[in-house]
Amino acid sequence: MSNSIKCNKCNHIFKYSETEIKTEIVKGDISRHYFECPGCHFKYTTFYENKPIREKIDEIQRLLKKPTLKQKQADKLKRLRRQVKFMSETLKGIVEDEV
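So, on to the overall build of the protein. The secondary structure content of the protein amounts to 2 helices and 5 strands. Radius of gyration (C-alpha) of the protein: 16 Å, far over the 13 Å computed for a compact globule of 99 residues. Reported as C-alpha extents along the three principal axes, the dimensions of the protein are approximately 50 × 35 × 15 Å. Burial status across the protein gives 25% buried among its 99 residues. Distance from the positive charge centre (22 side chains) to the negative charge centre (14 side chains) of the protein: 6 Å.

Following this line, the structure appears as structure tokens:
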């Protein structure tokens with residue numbers, strides 16, 4: 001899956017795919033997932049994660065591997081996804097406020 005992106009910094013148009021996402025350690029157990037503009041190398045953050053977020057993502061992956069989900073499991077999957085989104089956005093605010 002790829003999408004066309006226009007860089008906000010240099011206006012370069014490029015294709016993005018999930019395989020091009022890179023990871024760097026920001027601080028402690030916090031990592032930043034991002035992709036770069038091939039023109040100017042500006043980094044676009046996709047999300048931040050730490051150990052609690054990774055644990056929830058692992059749980060999501062385990063549920064997604066099941067051939068079928070019972071209603072309780074489907075509800076848990078939705079809840080976990082909301083939690084990961086909220087936790088990642090909160091972590092982003094904390095990390096980017098420190099910069």
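What follows picks up the thread again.
The subject of this paragraph is the confidence of the model for the protein. In low-pLDDT regions, the fine details of the predicted coordinates are not to be read closely. In the predicted model, the protein carries a mean pLDDT of 91, and 95% of its residues have values of at least 70. Mean pLDDT values over the elements of the protein span from 79, in strand 1 (residues 2-6), up to 97, in helix 1 (residues 51-64).

Our focus in this paragraph is the pairing of strand 3 (residues 22-27). Where strand 3 and strand 4 (residues 30-36) come together, 5 bridges link them in antiparallel fashion. If you follow Thr 23 over to strand 4, its bridge partner there is His 33. Remark: 2 residues form the turn of the hairpin made by strand 3 and strand 4, two consecutive strands paired antiparallel; Gly 28 in that turn has positive phi of roughly 60°.

Reading the values: the criteria
- Residues numbered from 1 in each chain as written.
- Predicted model: local features only at pLDDT ≥ 70, side-chain atom pairs only at ≥ 80, totals over all residues.
- Heavy atoms only, no water.
- Helix = DSSP H or I, 4+ residues; strand = E, 2+ residues; numbered from the N terminus.
- Rg over C-alpha atoms; globule rule 2.2 N^0.38 Å.
- Buried < 20%, exposed > 50% of the residue type's maximum accessible area, 1.4 Å probe, protein only.
- Lys, Arg positive; Asp, Glu negative; His and termini not counted.
- Charge placed at Lys NZ, Arg CZ, Asp CG, Glu CD.
- pLDDT = per-residue confidence, 0-100.
- Pairing = 2+ DSSP bridges.

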